[in-house]
Amino acid sequence: VVRRHLLQRYEHQPFISCLAGFYSCRWKRYQRRRTEPGKCCCKMVNELKITFCFSLIFLYMWGEAKNDYNNFDWYNYGNLGFWFLWSLVLLIVAAIVFMYITLLLVLAMCLLAEGQQLYLHWSHKIGTFLVLGFSITALFILSVLWGDQWKTVRLSFQITAPYLHIGAIAIMVLLSWPVALHAIRADKKVVQVIIVGPYLAILLFLFLIPLGMYSPCIREMGTLGPKPALIGHRGAPMLAPENTEMSFQKTIEHGGDGLETDVTISYDGVPFLMHDSSLRRTTNIKEVYPNDTAQNAALFSWDTLKELNAGTWFLKDKPFSCMGSLSRADQNQAMNQSIYKLSNFLRLADSQNKLVIFDLYRPPEKHPYRNSWINRTLEVILNESGIRPHLVLWLENDMRSFVHSVAPGFQQTMGSKAPVEDLLMDNIVKLNLAYTEMSSEDIRKYAEANITTNLYVVNEPWLFSLAWCSGAHSVTTNAVHTLKNLSQPLFLMTPQQYNIMWILTDLTSVLLISLIFAL
């Protein structure tokens with residue numbers, strides 16, 4: 001009896017030993033104590049499941065938020081005072097913690113399938129709680145400060161849902177093995193039903209979920225509209241310093257259809273291009289005038305502004321994580337960029353027959369042009385630049401009727417949704433909307449009234465594909481050089497193709513699961 005007990009104790013089980021070693025840091029080779037099927041000997045399994053769900057949600061949410069990483073980094077720059085790619089760091093951390101929890105959960109499922117009791121090592125327990133706390137905290141903070149990203153997640157489902165469905169079915173097929181082993185070892189029918197019942201219920205739900213799925217990219221052949229026009233957001237800010245002549249030239253070189261910018265008026269009445277309220281981020285103001293870094297850009301004279309360098313920061317900070325390497329010639333050109341005047345910008349657009357759209361910032365109080373900012377801007381557009389009026393998409397809502405009276409050739413553009421009747425009354429011919437407000441129904445409704453839709457800022461190919469399938473007329477983007485190469489939307493398929501994919505996935509999964517349970 002003693003010898004049989006010793007032989008059993010030291011029976012060599014390398015697979016189980018390896019699983020238990022990684023999970024509980026117990027590497028000794030002996031017959032471990034088994035648990036009865038249907039009984040979970042470790043509460044940590046449920047906590048692992050909860051942690052897995054939260055970490056998966058955060059990883060998916062942050063992965064789909066890539067379109068707006070620059071906005072996230074810009075927000076942190078405004079609060080911290082220095083530029084860093086925090087968005088990329090957060091993505092890497094999210095991926096690492098998700099893979100860690102996934103590995104622990106897979107190990108736990110394998111050990112349970114082998115009938116082994118679970119003893120999660122204390123270090124893994126601490127790691128699990130840290131991951132759970134990190135995921136919940138990150139989701140909460142992003143929801144409070146950046147709640148619109150949940151709209152991005154909702155939009156992403158219109159593209160990724162068919163493929164997430166296939167992934168979920170694949171996971172259920174993999175889980176069928178431990179579920180089948182655990183159910184077979186159960187002696188009581190009730191326990192078997194408790195194990196298999198929820199599994200089959202979830203599987204049935206996944207089989208039927210495509211019935212309620214919608215995607216504008218699942219459409220009949222020949223119903224896809226033309227490719228949206230591409231408007232360079234501050235030019236081509238992934239290839240050159242934003243709002244500089246080089247940036248707009250890069251947009252033109254890569255076939256952009258329009259140029260977007262931001263207009264501020266200097267203290268002596270010269271409209272120039274600048275997005276931020278201060279000069280700190282995109283010029284060398286800190287080196288030239290260190291005491292004036294926080295001062296509003298509109299409070300400087302043009303003679304001061306034109307002497308500042310507006311390109312060296314681009315090479316130093318590398319504002320986008322997906323920036324490619326610049327040639328030596330481009331680096332030299334970027335280093336010598338200066339602040340761009342509105343009049344020069346308009347002449348460039350007119351010479352290349354490009355549309356222009358811009359946000360016009362009202363000067364601060366006590367500014368000489370505080371109350372005549374629109375009039376001064378119109379003077380530059382109509383009298384100094386010589387741009388053809390139909391190329392101007394006028395976005396500013398103040399004094400719109402006056403602007404239309406003096407410049408009837410402008411394409412009046414509204415920055416928010418409104419009833420069609422109100423838009424037509426204000427002579428609106430285009431809407432300029434955040435991409436989170438994308439709706440194929442609204443786009444179609446406005447198009448029927450000859451009102452086109454521009455969406456901003458669309459950088460990722462999947463989001464551009466969704467805008468294309470939804471019928472958008474144009475998009476404002478940081479990535480003209482990338483989106484110009486798309487010949488058709490990603491994930492485009494006909495309803496027949498999707499039905500075949502759906503049915504084949506379900507039939508294949510049923511066959512595999514049946515074989516696993518039969519074996």
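Residue positions are counted from 1 within each chain, in the order its sequence is given. Two thresholds apply to this predicted model, a pLDDT of at least 70 for residue-level local features and 80 or more for giving and counting side-chain atom pairs, whereas whole-chain, interface and lining totals are computed over all residues. Think of the side-chain values as coming from all heavy atoms in the structure, minus any hydrogens and water.

In the nomenclature of an unreviewed UniProt entry, the protein chain is known as GDPD5 protein of Grus americana. UniProt positions are given in the numbering used here, feature names are shortened, and annotations may be inferred rather than shown by experiment. Heading Subcellular location (unreviewed entry) of the UniProt record for the protein chain holds this comment: "Membrane". Listed in UniProt under the heading Sequence similarities (unreviewed entry), the comment for the protein chain reads: "Belongs to the glycerophosphoryl diester phosphodiesterase family."

Caption draft 1: View of the overall build of the protein chain. Under the DSSP-based scheme used, a helix requires at least four consecutive residues in state H or I and a strand at least two consecutive residues in state E, with every element numbered from the N terminus. Each helix and strand in the protein chain was counted, giving 21 helices and nine strands. Note on method: radius of gyration uses C-alpha positions; expected globular size equals 2.2 Å times residues raised to 0.38. The globule rule puts the C-alpha radius of gyration for 519 residues at 24 Å, and the 30 Å found for the protein chain is more than 25% above it. Dimensions of the protein chain along its principal axes, counting C-alpha atoms only, are 105 × 55 × 40 Å. Out of the 519 residues belonging to the protein chain, those deemed buried represent 49%. The cut-offs for exposure are 20% and 50% of the maximum accessible area for each residue type, with area from a 1.4 Å probe on protein chains only; residues under the lower value are buried, those over the upper are exposed, and the others partly exposed.

Caption draft 2: Main features of the state of the cysteines. The disulfide definition used here is simple: a pair of cysteine sulfur atoms within 2.5 Å. Using the criterion set out here, one finds one disulfide in the structure. Sulfur-sulfur distance for the disulfide between C217 and C469 comes to 2.3 Å. Disulfide C217-C469: the torsion about the S-S bond is 105°, which places it as right-handed. Linking C217 in the loop between helix 8 (189-208) and strand 1 (229-233) with C469 in helix 19 (residues 461-470), this pair joins segments that are 252 residues apart in sequence. In this structure C469 comes out as buried when scored by relative accessible area, which is 5%.

Caption draft 3: Representation of the confidence of the model for the protein chain within the structure. Averaged over all residues, the pLDDT of the protein chain equals 90, while 94% of them reach at least 70. For every residue, the predictor reports its confidence as pLDDT, a number between 0 and 100. The contact definition used throughout considers only heavy atoms, calling two residues in contact when any of these lie within 4.5 Å. In this model residues 5-10 is a low-confidence stretch, pLDDT under 50, and it forms six contacts with partners more than four residues away in sequence or in other chains.

Caption draft 4: Highlighting the UniProt feature "transmembrane region" (unreviewed entry) in the protein chain. Under the present numbering, the feature "transmembrane region" (unreviewed entry) in UniProt falls on residues 44-63, 83-114, 126-147, 159-181 and 193-214. Between the first and last C-alpha atoms of residues 83-114 the distance is 51 Å; the span itself is 88% helix and 0% strand. Taken end to end, residues 193-214 has its terminal C-alpha atoms 34 Å apart, with 73% of it in helix and 0% in strand.

Caption draft 5: Highlighting the UniProt feature "domain: GP-PDE" (unreviewed entry) in the protein chain. UniProt's entry tags residues 228-487 with the feature "domain: GP-PDE" (unreviewed entry), counted in the numbering of this structure. The distance separating the terminal C-alpha atoms of residues 228-487 is 11 Å; by composition the span is 35% helix and 17% strand.

Caption draft 6: Representation of the pairing of strand 6 (residues 411-414). The pairing criterion is simple: DSSP has to find at least two bridges between the two strands. Two elements, strand 5 (residues 392-394) and strand 6, share two bridges in a ladder whose sense is parallel. Counted as the bridge partner of W394 is Q412 from strand 6. Tracing the backbone out of strand 5, into helix 16 (residues 400-406) and back to the parallel element strand 6 gives a crossover that is right-handed. Here strand 6 runs beside strand 7 (residues 430-434); their pairing, made up of two bridges, is parallel. Within the sheet, the bridge partner assigned to T413 lies in strand 7 and is K430. The handedness of a crossover follows from its direction of travel: if, with the strands pointing away from the viewer, the path from the first strand over the helix to the second runs clockwise, the crossover is right-handed. Between the parallel pair strand 6 and strand 7, the chain is carried across by helix 17 (residues 420-425), and the sense of this crossover is right-handed.

Caption draft 7: How the structure looks around the pattern of salt bridges. When a carboxyl oxygen of Asp or Glu is within 4 Å of a side-chain nitrogen of Lys or Arg, the pair counts as a salt bridge. Applying the stated criterion to the full structure yields 13 salt bridges. Salt-bridge contacts for D330 lead to K250; the nearest nitrogen and oxygen are separated by 3.1 Å. Residue D330 is found in helix 13 (residues 328-335), and its partner K250 is found in helix 9 (residues 245-253); the two are separated by 80 residues along the sequence. With respect to burial, D330 and K250 carry one shared label: buried.

Caption draft 8: Structural detail: the domain arrangement of the protein chain. As annotated, the domain borders come from an automatic or database domain assignment. With domains assigned, the protein chain is organised as domain 1 (151-218 + 493-518) and domain 2 (231-484). Each of domain 1 and domain 2 has a C-alpha centre, and the two are 47 Å apart. With ten residues of domain 1 in contact, the opposing surface of domain 2 contributes nine residues. Taken together, the links from domain 1 to domain 2 amount to zero salt bridges. N or O atoms closer than or at 3.5 Å make up a polar contact, with two conditions inside protein: a donor-capable atom paired with an acceptor-capable one, and, for residues adjacent in sequence, both atoms drawn from side chains. Joining domain 1 to domain 2, the criterion identifies two residue pairs in polar contact (both at pLDDT 80 or more). Here the residues of the side of domain 1 that touches domain 2 sort into five nonpolar, three polar and two charged. Charged means Asp, Glu, Lys or Arg here, nonpolar means Ala, Val, Leu, Ile, Met, Phe, Trp, Tyr, Cys or Pro, and polar covers whatever is left, Gly included.

Caption draft 9: Representation of the nonpolar core within the structure. The nonpolar core is taken to be a set of buried Ala, Val, Leu, Ile, Met, Phe, Trp, Tyr and Cys residues, with the residues joined through side-chain atoms within 4.5 Å. Counting residues in each nonpolar core, the largest one holds 29 residues, and the members touching the most others are M438, L455 and F464. Secondary-structure elements contributing two or more residues to this core are helix 7 (149-185), helix 17, strand 7, helix 18 (440-448), helix 19 and helix 20 (480-483). Among the elements that make up this core, the one with the highest residue count is helix 19 (seven residues). Mapping this core onto the domain boundaries places at least three of its residues in each of domain 1 (151-218 + 493-518) and domain 2 (231-484). With residues near it in sequence (within four places) discarded, L455 still touches L433, A434, Y435, M438, A467, A472, S474, V475 and T476. Counting 27 residues, the second largest nonpolar core, distinct from the first, contains I252, L259, I265 and W373.

Caption draft 10: Spotlight on helix 4 (residues 69-80). Expected helix span is given by 1.5 Å per residue-to-residue step, counting one fewer step than there are residues. For helix 4, spanning twelve residues, the distance from its first C-alpha to its last is 16 Å, which sits close to the expected 16 Å at 1.5 Å a residue. Residues of helix 4 that are buried include every one of Y69, N70, F72, D73, N76 and Y77, and no others. Summarising the axial view, the buried residues of helix 4 lie within an arc of 160°, below the 170-degree limit, and thus occupy one face. Directly after helix 4, the chain includes G81, whose backbone phi takes a positive value near 90°. The arc in question is formed by the directions pointing from the helix axis toward the C-beta atoms.

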